[in-house]
Amino acid sequence: MKGFQAKRAFIIAAFALALVGCAAGPPGPGSNNASPSDSASARPSEAPVPTPIGGENVVASVQPEPLIDLDCSDFAGVASVGTIVGVTERDPRGVIAELSDVVPLADIVRNAGGLACEFSDGGLWLAPTAEGGVEFNTAWRGAAIFIVPNVGAGADDLVPDFSCGDPVNSTQSVCVVDFMAGAAWVTVAVSTNDRGETRRAVTQQVTDIVASATSKAGPIVRSPGTFQPPRDCATLVPTAEVGSLLGGSGVIADRPIQRLVAAEATFLTENIGCQWYRENGSTTADVHVYPGGGWAADLTLPGLGATPIEIVGLRDGDTAVSHCTDLSAYGYWICRVEIVVDATWVRAIGSGPDQVTSTGIAVAVAQTTLTRRG
C-alpha cells in the first residue's frame, strides 16, 4: 500500500504542475469547463453531448434532499465571524473534487444526501494558477461547508486533517479542515487571514450545528428503475478481468483516494467508488458511480467538449462520451468514459502510459459495469 500511496502523491504533484483550468469546474449548465491539458486528439471535434434518444424506459433523475436536517441558512452565522464578516451566500459548485477532474465537490456531496454551502465574497477558494497548477486562492474571503451524513464508523478509514495555503503577512490565509461532527464527515474551506482565530471559530460553529442535527438513515430512495450496481468492487468488475487490463496478477481493489476528503466520504455512504491497481504497475482503473446522479451529469457534461462514444450495453435514452487528459510529460494519460444510464452517472477511468491504453481500460470497465443493469 505504501508504494501506491507514494505513486498517488507523485500523481497529485504532477497534476498541480500540469493542469490549468480544471479546478474552476462548471459554474452552471452550459459552461465550458474543458481543461487546456485535455487531449485534442481525444476529442477531434467539439461535438455536444448527444441528447438521449428517449423512450419508455428513461428514468427521472432528481437531486435528493439532504439526509441531514440542515440547510445552508443554518450556517449563515459564519458571515459574522472574524475576518469574513459581511460575506454573502453563493453557489459552491465552482471547486471540483480532484485536480484532474471535472465533477464539482458540491454535486458529489449532494448526490450522497449531503449539504454544500458557501458564504464568500466571490471567486474560488481552490483556483488555477498562471503556472498551470491549482492552489488555495489567498485573496478569497469566506467559508465553504460540505457535509456528508451517515459516515459513522466508516470515518475510521478517513483522515481528519487541515492544510493551509501560503501565509499572507505571516498569518494563515485559506485553510481546508476535515473532521467528524456527530455521524457526519465535514470538510470546511475557510479564509482566516489572522492567527487562526477565524478558522477555529468557524470550525467550532459548524461542528456544533452539525453534531446537534438529526439525520435520516440511508440509502436514499431513488426513482424506480434507477441503475444501482453492486458496491463490492470484486462484484462490480471481477478482479481477474481487471488483472488482464492492468497487465498481470496481484491486483489490489480499493476505495479511490480523493484530494478533498468529503468526496471520498461519499463512497462510504451513497456513492460507489472502486479503484484497481498493481503495486508495481503503471496502469490503474477506476469506476465512480453516482446513483441517480444524472441531474449532476446534466450540469457538467455539456461543458466538456467530449466525444460521443459507442459502448456495448447502451440502450435508447443512454448517453456516453469520452475525454482524455494528456500527462505524457509525466509518463501517463488519464482517459474517462462518462455514461448516463437509468438516471445514474457512471464514470469509468483508465490511467496508463498512452491514450490508447488508458481509453481501452476505461471502455472495458465501463462495459462490465453496464452488465450489472437489470
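Residues numbered from 1 in each chain as written. Predicted model: local features only at pLDDT ≥ 70, side-chain atom pairs only at ≥ 80, totals over all residues. Heavy atoms only, no water.

A. Main features of the overall build of the protein. Each helix and strand counted, the protein has 8 helices and 15 strands in total. A buried classification covers 56% of the 374 residues belonging to the protein. (Helix = DSSP H or I, 4+ residues; strand = E, 2+ residues; numbered from the N terminus. Buried < 20%, exposed > 50% of the residue type's maximum accessible area, 1.4 Å probe, protein only.)

B. A negative patch on the surface, seen in detail. A surface patch of negative charge is lined by D69, D71, D74 and E89. You can see D74 is positioned in the loop between α1 (2–18) and β1 (88–90). Judged by relative accessible area, D74 falls into the partly exposed class, the value being 36%. (Patch = residues over 30% accessible without salt bridge, like charges linked within 9 Å, V, L, I, M, F, W, Y side chains within 5 Å. Areas by Shrake-Rupley, 256 points an atom, 1.4 Å probe, with all protein chains shown as cover. Salt bridge = Lys/Arg side-chain N within 4 Å of Asp/Glu carboxyl O. Lys, Arg positive; Asp, Glu negative; His and termini not counted. Charge placed at Lys NZ, Arg CZ, Asp CG, Glu CD.)

C. Region of the structure containing the packing of aromatic side chains. This structure, assessed with the given rule, holds 2 aromatic pairs. For the ring pair W125 and F146, a centre distance of 6.3 Å and an interplane angle of 50° mean the geometry is tilted. A residue pair is termed long-range when its members are at least 10 positions apart, and W125 in the loop between β2 (115–120) and β3 (126–128) and F146 in strand β5 (residues 142–148) qualify at 21 residues. Exposure remark for W125: the relative accessible area of 1% places this residue in the buried category. Over the aromatic face of F162 sits the side chain of R199, whose NZ or CZ is 4.3 Å from the ring centroid. (Phe/Tyr/Trp six-rings, centres within 6.5 Å; stacked < 30°, edge-to-face > 60°. Lys NZ or Arg CZ within 6 Å of the ring centre and 35° of its normal.)

D. Structural context of unusual backbone geometry. Note that the residue after G218, namely P219, is joined by a cis bond; omega there is 0°. Turning to its location among the elements, P219 is positioned in the loop between α3 (197–211) and α4 (233–236). At D342, a residue that is not glycine, the phi angle is positive and equals roughly 45°. With respect to the helices and strands, D342 occurs in the loop between β14 (332–341) and β15 (344–352).

E. A look at the sheet that holds strand β11 (residues 284–290). Pairing is antiparallel across the open sheet formed by 7 strands, whose spatial order is β9-β10-β11-β15-β14-β13-β12. The open sheet has two edge strands with one neighbour each: β9 (251–254) and β12 (307–308). Bridge count between β9 and strand β10 (residues 272–278): 4 bridges; the pairing is antiparallel. In the sheet register, A253 faces β10, and the bridge partner there is W276. Where helix α5 (residues 239–246) meets the sheet, it contacts β9, β10 and β11, and its direction lies at approximately 50° from that of β10. (Pairing = 2+ DSSP bridges. Contact = heavy atoms within 4.5 Å. Axes fitted to C-alpha atoms, helices over the stretch in contact; angles between N-to-C directions.)

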